[in-house]
Amino acid sequence: MKLQTKLVQIGNRKEQTTGAISFPVTFSTAFLHPGLGESTGFDYIRTKNPTRNVLEEAIADIEDGDQGFAFSSGMSAIHVLFGLFKPGDHIIASFDLYGGTYRLFEELWRHYGITCSYADIRNGEDLRAHLTPETKAVFIETPSNPMMITAEVDSIASVAKEQGLLTIVDNTFLSPYYQKPIQLGADIVVHSATKYLGGHNDVLAGLVVTKGKELSERVAFLQNTSGAVLSPMDSWLLVRGMKTLSLRMEKHTENASQLVSKLKECSFVDDVLYAGVGGMISFRVKDARMVPHLLKNLKLISFAESLGGVESLLTYPAIQTHADIPREVREKVGVCDRLLRMSVGIEHVGDLWEDLKQALQVAYTEMNNEGE
Amino acid sequence: MSSDFGTKLIHHKMAVDPQTGASSTPVYLASTYHQFDIENPGIFDYARSGNPTRLALEETIAELEEGVAGYAYSSGMAAISSVFMLFSNGDHLIVSEDVYGGTFRFLNQVLNRMGIDCTFVDTTDMEKVQAALTPRTKGLYIETPSNPVLKVSDLRSLCTWAKEQGLISIVDNTFLTPYLQRPLTLGADIVIHSATKFISGHSDVVAGLVAVKDEAIAKQVGFLQNAFGSILGVQDSWLVLRGLKTLKVRMEASSKSADKIAHWLREQPSVKKVYYTGFSDHPGHEVQNGQADGHGAVLSFDVGDESVAKQLMKQVKLPIVAVSLGSVESILSYPCKMSHASMPKEEREKRGITAGLFRLSVGLEDVDDLIRDLEQALSLQLSSVE
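For clarity, every value in this text was computed on a predicted model and none was experimentally measured.

**Student:** Please clarify how the overall build of chain B should be interpreted in this entry.
**Tutor:** Across its full length, chain B carries 14 helices and 12 strands. In terms of overall dimensions, chain B is globule-like: its C-alpha atoms have a radius of gyration of 21 Å, near the 21 Å expected for 386 residues. Seen along its three principal axes, the alpha-carbon backbone of chain B occupies a region of about 80 × 50 × 35 Å. Across the 386 residues that make up chain B, the buried fraction comes to 52%.

Structural data, given as structure tokens:
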């Protein structure tokens, strides 16, 4: 079955009592046992909830994994993987990792003796160069944020497998519509489902998909034990959003591609970074002093963190998403003060470009006036 | 009855989801339903006609009011106006004269345009009710205790008489809830609730409920609910069900506090009159004792004039000054400018709804805190008047 069909059909025909097309939201914290030692399959909400279960089965199916898990945020989804490691373990991660993940690794995991090194890993050979005897996993974001650098998941996963490492891929930017890391050899996929999967800037959620029985059982144990599960209402909202994922992703790509062409020709912009698919683009303006004027003069596009929603958002990584990464580290990877990241929404692309064009023009003029 | 009422609230027959065993009724947001067998359609096909979450609430109100069927609407007025659609052009209704202002407005400004007219009478007086009967009369609509001056109508004799005359008797039971009064057991055909009030109880949902005594009327009400479509939303149905679980404990606590406050208010020199059916000298006290299990959590009091009233509203710190009633928070209402603002002044004053009248819906705050607050507000306004 095609992905688009699977997405639209999430939850349908799962409810056998009434035939409800939209799976119900079960807020119940406890479930009646039919008898001693018997269970309906549900006992306590943290362990398993019918609404969350529909979402978890759907994401496992869509990502081609064995089991799916829903968490209260993208960060809590990543953090639950902490339980897969022990003191002394080492992880290799993409060097322009999302600031929140970097903060989690550096300011939390490190305190427990789990260290992380950051490298420009674009393929298996790059990974090989950074291996230590303690390396247990490779954690990659592709395309990376906000530099849009693409990594070859298959070649990385193949080296990782040979070395006995877990391959973990943050698939937030492309979503399973464009990339299925487990098909490419990854063991674990994580999502900030707050982004494209939810897609409407109205629900905070994280998802994990695992491949392999033992790993799936371990993550299920960790999810239940640490308890950062997604609520029934948010699970339902996320399912609702996922039904239009394919339509939204296609439109995001169409709009982003057109904006990339326009920005490349724009005299106030130095360079444009784009992975070729998806709705995320980054660009550097001529001068860092333009940035505050640009953000102030946007009329349609919102200056806000986050991404992946139907509304276009513009982010200034140096002070927002990547503020927790030290300046020298940040600049080495290219997150300079001139870099802006745009999550291209599904508005009419002509309106988006009009807004960007006028804001860039005014920003340039205001910056020059300020200089006088 | 009341001993097992609290248990019914928690363990009504829809309380456990049959598929998963969930102890909280699931929220079915689906607007449409897959039919497993076209020859044998399921209970649900389209969400306006029926929804499992709404049905759980509807079955629950039917069970609590001891009726055969229940119906949930998007507001108390949606419930009331839908029920009035049982009547036809040319019909005449007899209605309690101090009926809720919104009902009064619907009858006088909407229903009359459809050729259904009504006579407002003091339903505490059987003779006046009988005098209002015409050959066209088809329904009797009662609120007891009335809003806001808490006059008590005798449901048993009124409903018995209505039945003899072939009228449909309808009772708005919002003030007492089925915990304290069950009109269907006293002979009424239909009971209506603004479930926004005590039934839900948290000032966070607008809803109306109807429970019906017999199958024939139930069928008509059900038909109208589906035809009209002013049904209660799914999330709100779930919220009302959730609120219902604590109805008994809320009503008990609020009623107890209301009794203490009513007696205290009566002794305050600045208070001219207190309306509360729990007073043994209240004209309806005996009737109330005969048909209800308590006096509820609403009382009214008159401070004499508008300037004093305005001072009081400015000075109270605990009760919120607002319309509505029946919540965990105490609510002080000023009927002449709020619930009864849509009623002409002369009609209002005929009913005792003066510029000095307040209605207090007693919430779950500590009763001594409430009294202390009223005391400071009343004493401040006294001194400022002097």
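So much for the structure itself; the text now carries on.
**Student:** I'm lost on the overall build of chain A in this one. Help?
**Tutor:** Helix and strand counts for chain A come out as 13 helices and 12 strands. When each of the 372 residues of chain A is scored for burial, the buried share is 49%.

**Student:** I keep staring at the sheet that holds strand β11 (residues 313–315) of chain A and nothing clicks. Help me out?
**Tutor:** Strand pairing in a sheet relies on backbone hydrogen bonds. The paired strands run either parallel or antiparallel. All names here are of chain A. Strands sit in the order β8-β9-β12-β11-β10 across an open sheet of 5 strands; the sheet is mixed. The two strands at the open ends of the sheet, each matched to only one other strand, are β8 (269–274) and β10 (302–303). In terms of strand pairing, β11 meets strand β12 (residues 339–343) through 3 bridges, oriented antiparallel. Paired with Thr 315 across the bridge in β12 is Arg 341.

**Student:** I tried to follow the environment of Ala 162 of chain B on my own but got confused; where do I start?
**Tutor:** Residue and element names in this part refer to chain B. In this structure, Ala 162 sits in helix α6 (residues 155–165). Between the C-alpha atom of Ala 162 and that of Thr 137, which follows or precedes it by 25 residues, the distance is 10.0 Å. With residues near it in sequence (within four places) discarded, Ala 162 still touches Leu 140, Leu 167 and Ser 169.

**Student:** What am I meant to see in helix α12 (residues 306–315) of chain B here?
**Tutor:** Each α-helix winds once per 3.6 residues, and so residues spaced three or four apart point in a common direction. All buried positions along α12 of chain B are accounted for by Val 308, Ala 309 and Leu 312 of chain B. Down the axis of α12 of chain B, the buried set is contained in an arc of 100°. They therefore lie on one face.

**Student:** Hey, could you run me through unusual backbone geometry in this one?
**Tutor:** Where the residue is not glycine, phi is negative for most of them; where a peptide bond is considered, it is trans in most cases. Residues Thr 142 of chain A and Pro 143 of chain A are joined by a peptide bond in cis, for which omega reads -5°. With respect to the helices and strands, Pro 143 of chain A occurs in the loop between β4 (135–141) and α6 (153–163). In this model, Asn 147 of chain B is joined to Pro 148 of chain B through a cis peptide bond whose omega is 5°. With respect to the helices and strands, the residue Pro 148 of chain B is situated in the loop between β4 (137–143) and α6. The backbone of Asn 201 of chain A sits at a positive phi, close to 50°, despite the residue not being glycine.

**Student:** So what exactly am I meant to see when it comes to the domain arrangement of chain A here?
**Tutor:** Many authors give the size of an interface as the accessible area that is lost as the parts come together. All names here are of chain A. Taken domain by domain, chain A comprises domain 1 (3–243) and domain 2 (246–371). When each unit is reduced to the centre of its C-alpha atoms, the spacing between domain 1 and domain 2 is 28 Å. Of all the secondary-structure elements, those providing two or more residues to the side of domain 1 that touches domain 2 are α1 (3–8), α4 (99–107) and α7 (175–178). Split into classes, the residues belonging to the side of domain 1 that touches domain 2 amount to 14 nonpolar, 8 polar and 3 charged.

**Student:** Looking at this structure, I do not really get the domain arrangement of chain B. What am I missing?
**Tutor:** Residues and elements named next belong to chain B. You can read the domains of chain B as domain 1 (2–244) and domain 2 (247–385). If you average the C-alpha positions of domain 1 and of domain 2, the two centres end up 26 Å apart. Tallying the contact residues gives 36 residues for domain 1 and 34 residues for domain 2. In terms of residue count, the dominant contributor to the side of domain 1 that touches domain 2 is helix α1 (residues 2–10) (4 residues). When its residues are assigned to classes, the side of domain 1 that touches domain 2 shows 18 nonpolar, 11 polar and 7 charged.

**Student:** Quick question: what am I supposed to make of the pairing of strand β5 (residues 168–172) of chain B here?
**Tutor:** Working note: regular strand, side chains alternate between the two faces of the sheet. Residues and elements named next belong to chain B. In terms of burial, β5 is largely enclosed, as 5 of its 5 residues are buried. What you see with β5 is no split at all: Ile 168, Ile 170 and Asp 172 on one side and Ser 169 and Val 171 on the other are buried throughout. Across 5 bridges, β4 lies against β5 in parallel orientation. Across the sheet, Gly 139 pairs through a bridge with Ile 168, a residue of β5. Handedness of the crossover is the feature at issue here: the chain leaves β4, passes through α6, returns alongside β5, and the resulting connection is right-handed. Strand direction decides the pairing type here: β5 and strand β6 (residues 190–194), joined by 3 bridges, are parallel.

**Student:** Could you clarify how one ought to interpret the interface of chain A and chain B in this entry?
**Tutor:** The interface of chain A with chain B comprises 21 residues on the first partner and 23 residues on the second. Along the lines of polarity and charge, the residues of the side of chain A that touches chain B split into 11 nonpolar, 9 polar and 1 charged.

**Student:** Which parts of the structure should I look at to understand the packing of helix α2 (residues 52–65) of chain B against helix α9 (residues 234–244) of chain B?
**Tutor:** Packed helix pairs are specified by the crossing angle of their axes together with the interaxial distance, meaning the distance between the axes. Residue and element names in this part refer to chain B. Running from amino to carboxyl end, α2 crosses α9 at an angle of 40°, the nearest separation of the two axes being 8 Å. Between α2 and α9, the crossing angle belongs to the class labelled oblique. Read as a crossing pair, α2 and α9 show a hand that is left-handed. Note on element contacts: α9 touches α2 through Val 234, Ser 237, Trp 238, Val 240, Leu 241 and Leu 244, opposite Thr 53, Arg 54, Ala 56, Leu 57 and Thr 60. Looking at side-chain class alone, the contact of α2 with α9 contains 7 nonpolar, 3 polar and 1 charged residues.

**Student:** Can you walk me through the sheet that holds strand β7 (residues 206–210) of chain A in this structure?
**Tutor:** Residues and elements named next belong to chain A. Across the sheet, 7 strands lie side by side as β1-β7-β6-β5-β4-β2-β3; this open sheet has mixed pairing. Strands at the two margins of the open sheet, each flanked by one partner only, are β1 (67–71) and β3 (115–119). Strand after strand, the sheet turns through a mean of 20° between neighbouring axes, direction not considered. Strand direction decides the pairing type here: strand β5 (residues 166–170) and strand β6 (residues 188–192), joined by 3 bridges, are parallel. Note that in β6 the partner of Ile 168 across the bridge is Ile 188. Set on the sheet, helix α2 (residues 50–62) makes contact with β1 and β7; between it and β1 the angle comes to about 130°.

**Student:** Help me out: how do you make sense of the nonpolar core in this one?
**Tutor:** As a rule of thumb, soluble globular proteins bury nonpolar side chains together. Counting residues in each nonpolar core, the largest one holds 214 residues, and the members touching the most others are Val 138, Ile 156, Ile 168, Leu 207 and Val 208 of chain A together with Val 210 and Leu 299 of chain B. Residues in contact with Val 138 of chain A, not counting those within four places in the same chain, are Ile 92, Ile 121, Leu 127, Ile 156, Ala 160, Leu 165, Thr 167 and Ile 168 of chain A.

**Student:** Sorry, what's going on with the pairing of strand β2 (residues 92–96) of chain B here?
**Tutor:** Residues and elements named next belong to chain B. When you tally the buried positions in β2, you get 4 out of 5 residues, the bulk of the element. In terms of strand pairing, β2 meets strand β3 (residues 117–121) through 5 bridges, oriented parallel. Looking across to β3, one finds that His 92 is bridged to Asp 117. Regarding topology, helix α4 (residues 101–109) serves as the crossover connection from β2 to the parallel β3, and that connection is right-handed. Of the pairings in the sheet, the one linking β2 to β4 comprises 4 bridges and is parallel in character. Residue Val 95 lies in a different strand from β4, and its bridge partner there is Tyr 141.

**Student:** Is there a simple way to think about the environment of Ser 327 of chain B in this case?
**Tutor:** Residues and elements named next belong to chain B. In this structure, Ser 327 sits in the loop between β10 (320–321) and β11 (331–333). Sequence separation of Ser 327 and Val 362 is 35 residues, and the distance between their C-alpha atoms is 7.9 Å. Those residues in contact with Ser 327 that lie beyond four places of it in its chain are Gly 201, His 202, Ser 203, Ser 361 and Gly 363.

**Student:** Explanation requested: the confidence of the model for chain B in the structure shown.
**Tutor:** Low pLDDT marks stretches whose predicted atomic positions should not be read closely. Model confidence for chain B is summarised by a mean pLDDT of 93, while 98% of its residues fall at 70 or above. Interface scoring of the predicted complex returns ipTM 0.75; its pTM is 0.85.

**Student:** Sorry, what's going on with α6 of chain A here?
**Tutor:** Residues and elements named next belong to chain A. Taken together, the buried positions of α6 are Val 153, Ile 156, Ala 157, Val 159 and Ala 160. When α6 is viewed along its axis, its buried side chains cluster within an angular range of 165° and face the same direction. For α6, the elements touching its buried residues are α5 (124–129), β4 and β5.

**Student:** Help me understand the packing of α2 of chain A against helix α9 (residues 232–242) of chain A, please; the structure alone is not making it clear to me.
**Tutor:** Residues and elements named next belong to chain A. At a minimum axis distance of 8 Å, the contact between α2 and α9 shows a crossing angle of 40°. In terms of axis orientation, α2 runs oblique to α9. For α2 against α9, the interelement crossing comes out left-handed. Of the residues in α9, those in contact with Thr 51, Arg 52, Val 54, Leu 55 and Ala 58 of α2 are Pro 232, Ser 235, Trp 236, Leu 238, Val 239 and Met 242.

What counts, and where the lines are drawn
- Residues numbered from 1 in each chain as written.
- Chains lettered and ligands numbered in written order.
- Predicted model: local features only at pLDDT ≥ 70, side-chain atom pairs only at ≥ 80, totals over all residues.
- Helix = DSSP H or I, 4+ residues; strand = E, 2+ residues; numbered from the N terminus.
- Rg over C-alpha atoms; globule rule 2.2 N^0.38 Å.
- Buried ≥ 20, exposed ≤ 12 C-beta atoms within 10 Å, placed from the backbone.
- Pairing = 2+ DSSP bridges.
- Contact = placed C-beta atoms within 7 Å.
- Arc of directions from axis to C-beta.
- Domains from an automatic or database assignment.
- Nonpolar A, V, L, I, M, F, W, Y, C, P; charged D, E, K, R; others polar.
- Right-handed = clockwise from strand over helix to strand, strands pointing away.
- Axes fitted to C-alpha atoms, helices over the stretch in contact; angles between N-to-C directions.
- Parallel < 35°, antiparallel > 145°, perpendicular 65-115°, else oblique.
- Left-handed = near helix turned anticlockwise from the far one by under 90°.
- Core = buried A, V, L, I, M, F, W, Y, C linked by C-beta atoms within 7 Å.
- pLDDT = per-residue confidence, 0-100.

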